[in-house]
Protein chains: 2
Amino acid sequence: MQIILLSGGSGKRLWPLSNDVRSKQFVKIFSDDGENFESMLQRVFKQIRRNFSDVSITVSTSRAQKKIIKKYIDSGVEISAEPCRRNTFPAIALTAAFLRDAKNISVDEEIIICPIDPYVEDDYFSTFKTMAELVKTSAANLILLGINPTYPSEKYGYIIPASKDFISEVLEFKEKPDVSTAEKYIERGGLWNGGVFACKLSYLLEKSREILRTDSHAELLKNYSELPNTSFDYAVSEHEKNIKVVRYFGEWKDVGTWNTLTDVMREKSIGKVQFDSTCENSHVVNETDLPIIAMGLKNIVVAASADGILVADKTQSALMKSLVEKIHEPIRFAEKSWGVYQVVDADEDSLTIKVFLEAGARMRYHSHERREEIWTVIEGKGKIVLDGEIKFVNVGDVIKISAEVKHTVIAETKMKLIEVQIGKDITVEDKILWEDLL
Amino acid sequence: MQIILLSGGSGKRLWPLSNDVRSKQFVKIFSDDGENFESMLQRVFKQIRRNFSDVSITVSTSRAQKKIIKKYIDSGVEISAEPCRRNTFPAIALTAAFLRDAKNISVDEEIIICPIDPYVEDDYFSTFKTMAELVKTSAANLILLGINPTYPSEKYGYIIPASKDFISEVLEFKEKPDVSTAEKYIERGGLWNGGVFACKLSYLLEKSREILRTDSHAELLKNYSELPNTSFDYAVSEHEKNIKVVRYFGEWKDVGTWNTLTDVMREKSIGKVQFDSTCENSHVVNETDLPIIAMGLKNIVVAASADGILVADKTQSALMKSLVEKIHEPIRFAEKSWGVYQVVDADEDSLTIKVFLEAGARMRYHSHERREEIWTVIEGKGKIVLDGEIKFVNVGDVIKISAEVKHTVIAETKMKLIEVQIGKDITVEDKILWEDLL
């Protein structure tokens, strides 16, 4: 059995903790002890490993996320990286081809496809076993997971089953309805579509050939940007006659908004926060090192990061997208394969950045055309390469890197740098990569 | 006629915009046009100058505030600086002695003493003229300004007058009452004590001799730390039999809390802020360069500065003192005679600061024992002095200042520096001042 986890792209609905380069599944917000926080990605991996002694996991994601996922999940995971973002059907087809062509997985193997970011209890994964079993033993081509709805939500698509049995044929799919229509669906036994599918690998490859005209990994990769931007539901599920749905009755939450996310937070705050005694049902997530004082708040979420500060009524926060889109600031926090960078000051012709490098990490060898940089080592030690010349650096060392000088840093221990960039039109695009020398 | 403005000390009730080194009267929050903001100090000075063609103003304040006040108010103001903070009586006695001994003011001159931070309309200052006239023409030793109360406040002391006339004898003073007592005072014609006094200079000197055993400026200065920490009301007004009160019916607000301050703000926000359409009676003051999004807020104040973030129900915000006192962070924003500094990153053994210098400004010549500093010029030009050696610096220049090296910067144009401090136990106290060489 193979599990394919779909790791989606950028999200604005958890701003300022998610941004164009940081997806919500990487936000560290879950804790068992109130001290060590883990992301949705880490939580889901732990759950899968707890429930399956022997399962292969492949994450279908973008190239940008590949290194970050490798950093979070140290081993035992394959990554199928899209050259650019498409919808779920091309991503799944690419991953299916990857499993056969690159990983030699038998086309008879059962595949479970599911999103990487649902907040669920462990019994959700038990349902996967039932689904895999049905793939093996029933005549159905495709098995879906239907979530027993707890209220007539307008936010989800519905699956209308033929019966109210635990396992049922599927009558039809319904788009996100209004509340009264949702109520009618629920009366008919309607289930939320949680985006979980089970089938054989061969089925995915067959659909790829049918719809994309090929099931070759190399060809799909090559033409990826031209593939149709279509969802698996739309391209496959809705046309499949030989299809069943398995009911799931446990807890399931789409924690894609602050309202739902704070609902599953164990702690009412993360980071430096003080509440007065009159706050009610309010949460503060503080990634900055500024102290936050919260007083007299009712049903409010406060979230602060290097990118900005949200203060919102929880229900209202779901509608933030249009406001976030009006912000045209450079991204101030980004996770990289080698560590993290955070803008600490932005001025007209300068940008000051704090760089955190993991022990052993290295930046790619690069240069800039329109800016010079001054690096000051404030913690740790390592090597700096400047136009091929190696310098060993330690706390307090200052390195001036003129425009066009190729440079990199290789951290021996965990390192922190303050980097002052000076120039006109400072952008992340002003970066030329060079072949590594060391 | 002389006006003495009492400029009080540090305040925590407007945290995070006021702090131990930044008093509320310097917070720039008032605007006529929504673009140029001025502080309470600037507003009051403008009002006084509009109302009096010929008046001398002396600010009674701490040594720490002296240079900041000079920076805000470019000319026409004298400063009487206390060596350390005492209550209003010693401060007023010191200023009275300063006026006679240092400024040769006649002891017969009328003096008006008032706090620097009331939010009032111009007619408040017209009342000063009546008070000064009474000092000159009536037999009273001391004239008070009584504010016509608009509600039975528990926050102010009350003056009970003998009659409801515009000018009246004073029957007694009352401490801050509870609401029902306040109602009784108001029925008796009671007035809020706004802390405004008028008398002759000779009266202040006489009280100084009586209570402090001297009216000599030199002696008061010398023994200042040993003077009693007592208020003018307590030491003088409450014992004076020959005293009158003048009624003031205009607008008067003590804008010492976020609730009252936002009440007089013309704009609902300052800085980078977006509101959604469902916010009501909410204000955001954003001094940081992080964008803030506010959604669905009702009666909330949000204030963000380099020192922290407040999110509070407006009424509740008045009670923040105990929460602010629990924050033990180094101050991250401070106004200096030469400009402003702002901490942009604080780490275990390093501190990164952005320094703004005015054109022509200079730091005092100083050194540090336990830290080195790396300065990078990101804007402007000037001179740096290192152990007596002068270097001309420009954008992009980097200066490394080892521990114990004496240094200063003299800005030729407006300048900005990024300063990385590296060392154990970085504190503002680690600073040795040296005599200026240039």
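Up top is the structure.
Overview of the structure. (Residues numbered from 1 in each chain as written. Chains lettered and ligands numbered in written order. Predicted model: local features only at pLDDT ≥ 70, side-chain atom pairs only at ≥ 80, totals over all residues. Heavy atoms only, no water.)

## Quick notes on the overall build of chain A
Item 1. Counting secondary structure elements, chain A contains 10 helices and 30 strands.
Item 2. In terms of principal-axis extent, the alpha carbons of chain A reach across some 70 × 60 × 40 Å.
Item 3. Counting all 438 residues of chain A, 56% fall into the buried class.
Item 4. Residue pairs in contact within chain A that sit at least 24 positions apart in sequence constitute 66% of those at least 6 positions apart.
Item 5. Accessible area for chain A stands at about 18500 Å²; split by element, carbon and sulfur atoms hold 46% of it. (Helix = DSSP H or I, 4+ residues; strand = E, 2+ residues; numbered from the N terminus. Buried < 20%, exposed > 50% of the residue type's maximum accessible area, 1.4 Å probe, protein only. Contact = heavy atoms within 4.5 Å. Areas by Shrake-Rupley, 256 points an atom, 1.4 Å probe, with all protein chains shown as cover.)

## Description of the relation of the copies chain A and chain B
Item 1. Relative to chain B, chain A is turned by 180 degrees and slid 0.0 Å along the rotation axis, the superposed coordinates differing by an RMSD of 0.1 Å. One copy is carried onto the other by what is essentially a two-fold rotation axis. Using C-alpha coordinates, one finds that chain A approaches the rotation axis most closely at V344 of chain A, a distance of 2.8 Å.
Item 2. Comparing interface residues between copies, 100% of those in chain A also lie at the interface in chain B; the contact surface is shared. (Least-squares fit on C-alpha atoms with pLDDT ≥ 70 in both.)

## Focus on the interface of chain A and chain B
Item 1. Listed per partner, the contact involves 59 residues of chain A and 59 residues of chain B.
Item 2. Taking both partners together, chain A and chain B bury about 4600 Å²; carbon and sulfur atoms supply 63% of that area.
Item 3. When the buried surface of chain A facing chain B is broken down by residue, I293, M295 and I309 of chain A rank first, second and third, together holding 16% of it.
Item 4. Summed over the shared surface of chain A and chain B, the number is eight salt bridges.
Item 5. D347 of chain B is the partner of K354 of chain A in a salt bridge, and the nearest nitrogen-oxygen pair spans 2.6 Å.
Item 6. Per-class residue counts for the side of chain A that touches chain B are 32 nonpolar, 11 polar and 16 charged.
Item 7. In this sheet, strand 19 (residues 308-313) of chain B lies alongside strand 17 (residues 292-295) of chain A in parallel orientation, the contact comprising four bridges. Along strand 19 of chain B, the bridge assignment pairs M295 of chain A with A312 of chain B. (Buried area = accessible area lost by both parts, 1.4 Å probe. Salt bridge = Lys/Arg side-chain N within 4 Å of Asp/Glu carboxyl O. Nonpolar A, V, L, I, M, F, W, Y, C, P; charged D, E, K, R; others polar. Pairing = 2+ DSSP bridges.)

## What to know about the side chain of S317 of chain A
Item 1. Topologically, S317 of chain A is positioned in the loop between strand 19 (308-313) and helix 10 (321-325).
Item 2. Here the side chain of S317 of chain A touches K314 of chain A through a polar contact of 2.6 Å, landing on its backbone oxygen.
Item 3. Among all residues touching S317 of chain A, those that are not within four sequence positions of it are W258, N259, V301 and A312 of chain A together with M295 of chain B. (Polar contact = N/O pair within 3.5 Å; in protein donor to acceptor, adjacent residues only side chain to side chain.)

## Re the packing of helix 1 (residues 40-51) of chain A against helix 4 (residues 123-137) of chain A
Residues and elements named next belong to chain A.
Item 1. Running from amino to carboxyl end, helix 1 crosses helix 4 at an angle of 55 degrees, the nearest separation of the two axes being 9 Å. It follows from the interaxial angle that helix 1 and helix 4 lie oblique. As helix 1 runs across helix 4, the sense of the crossing is right-handed. Counted together, Q47, I48 and N51 of helix 1 and F125, S126 and K129 of helix 4 form the full contact between these two elements.
Item 2. Tallied by class, residues from the contact of helix 1 with helix 4 come to two nonpolar, three polar and one charged. (Axes fitted to C-alpha atoms, helices over the stretch in contact; angles between N-to-C directions. Parallel < 35°, antiparallel > 145°, perpendicular 65-115°, else oblique. Left-handed = near helix turned anticlockwise from the far one by under 90°.)

## Some words on the side chain of D430 of chain A
All names here are of chain A.
Item 1. By the secondary structure assignment, D430 is in the loop between strand 29 (415-423) and strand 30 (432-433).
Item 2. Buried charged residue D430 carries no salt bridge. Nearest counter-charge: R370, at 4.4 Å.
Item 3. Polar contacts involving the side chain of D430 include one to the main-chain amide nitrogen of E369, which spans 2.7 Å.
Item 4. What D430 contacts, discounting residues up to four positions off in sequence, is S367, H368, E369, R370 and R371. (Lys, Arg positive; Asp, Glu negative; His and termini not counted.)

## So, the packing of helix 3 (residues 88-101) of chain B against helix 6 (residues 201-212) of chain B
All names here are of chain B.
Item 1. Axis separation between helix 3 and helix 6 bottoms out at 9 Å; the angle between their running directions is 125 degrees. Here helix 3 is positioned oblique relative to helix 6, judged by the angle of their axes. In this structure, the crossing between helix 3 and helix 6 has a hand that is left-handed. Only L201, L204, L205, K207, S208, I211 and L212 of helix 6 make contact with helix 3, whose side of the interface consists of F89, P90, I92, A93, A96, A97, L99 and R100.
Item 2. When grouped by side-chain class, the residues that make up the contact of helix 3 with helix 6 number 12 nonpolar, one polar and two charged.

## Points about the sheet that holds strand 27 (residues 398-401) of chain B
Residue and element names in this part refer to chain B.
Item 1. Within the open sheet, the six strands sit side by side as 20-21-22-29-24-27. Their pairing is antiparallel. Where the open sheet ends on each side, the last strands, each with one partner, are strand 20 (333-336) and strand 27. Taking the axes of each pair of neighbouring strands and ignoring which way they run, one obtains an average angle of 20 degrees across the sheet.
Item 2. As paired elements, strand 24 (residues 372-379) and strand 29 (residues 415-422) share seven bridges and run antiparallel to each other. Within strand 29, the position partnered with E373 by the bridge is Q421.

## Quick look at helix 1 of chain A
Residues and elements named next belong to chain A.
Item 1. Counted at 1.5 Å a residue, the expected span for helix 1 with its 12 residues is 16 Å, and the 17 Å between its end C-alpha atoms agrees.
Item 2. Judged by how many residues are buried, helix 1 sits mostly within the fold: nine of 12 residues are covered.
Item 3. Taken together, the buried positions of helix 1 are occupied by M40, L41, Q42, R43, V44, F45, Q47, I48 and N51. (Expected span 1.5 Å × (residues − 1).)

## Section: a nonpolar patch on the surface
All names here are of chain A.
Item 1. On the surface, F166, I167 and F249 cluster together into a nonpolar patch covering about 290 Å² of accessible area.
Item 2. Within the element layout of this structure, F249 appears in the loop between strand 12 (243-248) and strand 13 (252-254).
Item 3. By relative accessible area, which is 55% here, F249 ends up exposed. (Patch = residues over 30% accessible without salt bridge, like charges linked within 9 Å, V, L, I, M, F, W, Y side chains within 5 Å.)

## Structural notes on the packing of aromatic side chains
Item 1. Scanning the model with the defined rule gives 26 aromatic pairs over all chains in all.
Item 2. Ring plane angle 35 degrees and centroid distance 6.2 Å describe the contact between F89 of chain B and F232 of chain B, whose orientation is recorded as tilted. With a gap of 143 residues between them, F89 of chain B in helix 3 and F232 of chain B in helix 8 (residues 232-235) connect regions that are remote in the sequence.
Item 3. Taking the relative accessible area as the measure of exposure, F89 of chain B reaches 1% and is therefore buried.
Item 4. Look at F232 of chain B and you get buried, because its relative accessible area is 0%.
Item 5. Ring pairing ties together the aromatic residues F52, Y124, F125, F128 and Y248 of chain A, which thus form one cluster.
Item 6. Across the ring face of F30 of chain B, the terminal group of R43 of chain B is positioned such that the distance to the ring centre comes to 5.7 Å. (Phe/Tyr/Trp six-rings, centres within 6.5 Å; stacked < 30°, edge-to-face > 60°. Lys NZ or Arg CZ within 6 Å of the ring centre and 35° of its normal.)

## Description of a positive patch on the surface
Item 1. Together, R63, K66, K67, K70, R364 and K431 of chain B give the surface a local cluster of positive charge.
Item 2. Looking at where R63 of chain B falls in the secondary structure, it is placed in helix 2 (residues 63-72). (Charge placed at Lys NZ, Arg CZ, Asp CG, Glu CD.)

## Describing unusual backbone geometry
All names here are of chain A.
Item 1. Looking along the chain, the bond that leaves W15 and enters P16 is cis, with omega of 5 degrees.
Item 2. Here P16 shows up in the loop between strand 1 (2-6) and strand 2 (28-31).
Item 3. Of note in this structure, N104 is not a glycine but carries a positive phi near 55 degrees.
Item 4. When you line up the elements, N104 lands in the loop between helix 3 (88-101) and strand 6 (110-115).
Item 5. A relative accessible area of 67% places N104 in the exposed class.
Item 6. We note that E404 has phi near 75 degrees; this positive angle belongs to a residue other than glycine.

## Side note on the environment of V236 of chain B
Residues and elements named next belong to chain B.
Item 1. Examined against the element boundaries, V236 turns out to sit in the loop between helix 8 and strand 12 (243-248).
Item 2. You can call V236 buried: its relative accessible area is 2%.
Item 3. Taking the C-alpha atoms as reference points, V236 and K383, separated by 147 residues in sequence, lie 52 Å from one another.
Item 4. If we ignore the near neighbours within four places in the chain, the residues touching V236 are F89, L142, Y203, K207 and I211.

## With respect to the sheet that holds strand 27 (residues 398-401) of chain A
Residue and element names in this part refer to chain A.
Item 1. In spatial order, the strands read 20-21-22-29-24-27; together these six strands make up an open sheet with antiparallel pairing. Two strands in the sheet have a free side with no partner beyond their single neighbour: strand 20 (333-336) and strand 27. On average, each strand axis in the sheet is inclined to that of its neighbour by 20 degrees, with strand direction left out of account.
Item 2. Inspection of the sheet shows strand 24 (residues 371-379) paired to strand 29 by eight bridges, in the antiparallel sense. Residue pairing for strand 29: E372 is matched across the bridge by I422.

Just geometry here; none of it tells us what the structure is for.
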